[in-house]
Amino acid sequence: MLSITFFTALALYLVACFYNCLAFIRHLESMFRASLIFSIAGICFHTVHIIITGMERGIFPLTGRQEAMLFLAWALALSFIFIGFRYRVIALGVFMLPLVLLSMLSSLLFQESPVQDILRSRLFYFHTTFLFLSYAAFVAGTVFAVLYLLQERELKSRNLRLFYERLPSLDKLDQLFSNSMLSGLVLMTSGLASGIYWAHREWEGGWISDPKVISAIVTWLIYLALTSIRAVTGWRGKRMALITLAGFVSLLLTFWIATLLGSRHIF
């Protein structure tokens, strides 16, 4: 159920996005701080909205597509705030905050779904929360990979204009998308493990052949391979950035396409 808390959070995220874009264009730390402050205010109202929705429905509010998009927006905002405070990468918000706004606006396209009895399980809470947090970490990693490719291209062209002064060094961007991928892998592993245990206990047979389950495992294997290759071979830079983008394509397929293939999952 949409409420004043939803629209307040949406407005605060919009202001945060505006300040972040100005911070990137003008290269001003003060505007980036303002963006973080408005983002924190936005996620506070966003959290209150999620809590109120859960109390009204009597269940963890992540049982339908509308709630999924709202929770994805929350996870993306949390990821931006955490990484923004820790690493001060202004360009991250140029990508992440519009995705937060897009996810929230996308939720308006869906209606509340009836709650299935099987979803009234604590394991479901762990399963979905870990997976959505992993999605946010992977999105952040993808953004850093894209920034790496943009920075490298500008350096190679020797035409140092837009990105050179506004982005971290290639080494730092390489480390940032590597750390994001590793964090996402750990979170996704936790989400899949709890989901498999939950399905084994409470679902009927045949869940292993569910399109959503298969695509999620494929995505997990891609990111596992990505982090393993980096650790074993020492691959860095452009090669790993491109593989990260391939992993993101698989992530999109897991989040959207698999649901359209007869999956038992609502989202």
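Residues numbered from 1 in each chain as written. Predicted model: local features only at pLDDT ≥ 70, side-chain atom pairs only at ≥ 80, totals over all residues. Heavy atoms only, no water.

### Some details on the overall build of the protein
At step 1: Scanning the protein for helices and strands turns up eight helices and zero strands.
At step 2: Mapped in sequence order, the helices and strands of the protein form the string α-α-α-α-α-α-α-α.
At step 3: Going through the 267 residues of the protein one by one, you find that 50% of them count as buried.
At step 4: The long-range share in the protein, meaning contacts at least 24 apart out of those at least 6 apart in sequence, stands at 82%.
At step 5: Here the protein displays about 12900 Å² of accessible surface, and carbon together with sulfur accounts for 68% of that area. (Helix = DSSP H or I, 4+ residues; strand = E, 2+ residues; numbered from the N terminus. Buried < 20%, exposed > 50% of the residue type's maximum accessible area, 1.4 Å probe, protein only. Contact = heavy atoms within 4.5 Å. Areas by Shrake-Rupley, 256 points an atom, 1.4 Å probe, with all protein chains shown as cover.)

### Some remarks on helix H8 (residues 238-255)
At step 1: In a regular helix each residue adds 1.5 Å, so 18 residues correspond to 26 Å; H8 covers 26 Å between its end C-alpha atoms and thus fits that length.
At step 2: Among all positions in H8, only Met-240, Ala-241, Thr-244, Gly-247, Ser-250, Leu-251, Thr-254 and Phe-255 are buried. For H8, the angular spread of the buried residues around the axis is 165 degrees, confining them to a single face. (Expected span 1.5 Å × (residues − 1). Arc of directions from axis to C-beta.)

### A closer look at the nonpolar core
At step 1: If you look at the biggest cluster of nonpolar residues, it comprises 65 residues, and the most contacted ones within it are Tyr-13, Phe-80, Leu-92, Met-96, Met-104, Phe-132 and Phe-144.
At step 2: Secondary structure elements with two or more residues in this core: helix H1 (4-26), helix H2 (29-57), helix H3 (65-87), helix H4 (90-106), helix H5 (122-157), helix H6 (170-202), helix H7 (211-233) and H8.
At step 3: When sequence neighbours within four positions are dropped, the list of residues in contact with Leu-92 reads Phe-80, Ile-83, Val-143 and Phe-144. (Core = buried A, V, L, I, M, F, W, Y, C linked by side-chain atoms within 4.5 Å.)

### Here we look at the confidence of the model for the protein
As a general rule, the predicted coordinates of low-pLDDT regions are not to be interpreted in detail.
At step 1: Looking at the protein, pLDDT values average 85 and 86% of them are 70 or higher.
At step 2: H1 holds the highest mean pLDDT among the elements of the protein, 95, whereas H8 holds the lowest, 81. (pLDDT = per-residue confidence, 0-100.)

### Description of the side chain of Thr-128
At step 1: The residue Thr-128 is located in helix H5 in this model.
At step 2: Given a relative accessible area of 5%, Thr-128 falls into the buried group.
At step 3: Only 3.4 Å separates the side chain of Thr-128 from the backbone oxygen of Tyr-125, close enough to count as a polar contact. (Polar contact = N/O pair within 3.5 Å; in protein donor to acceptor, adjacent residues only side chain to side chain.)

### Quick look at H3
At step 1: In a regular helix each residue adds 1.5 Å, so 23 residues correspond to 33 Å; H3 covers 32 Å between its end C-alpha atoms and thus fits that length.
At step 2: The buried count for H3 comes to 17 of 23 residues, which makes it a mostly enclosed element.
At step 3: Directly beyond the C-terminal end of H3, a positive phi value near 55 degrees is found at Arg-88.

### Details of the environment of Tyr-135
At step 1: Inspection of the secondary structure puts Tyr-135 in helix H5.
At step 2: Residue classification places Tyr-135 among the buried positions, given a relative accessible area of 7%.
At step 3: Note: C-alpha distance between Tyr-135 and Phe-255 (120 residues apart in sequence) is 9.0 Å.
At step 4: Setting aside anything within four residues of it in sequence, one finds Tyr-135 in contact with Leu-72, Leu-251, Thr-254 and Phe-255.

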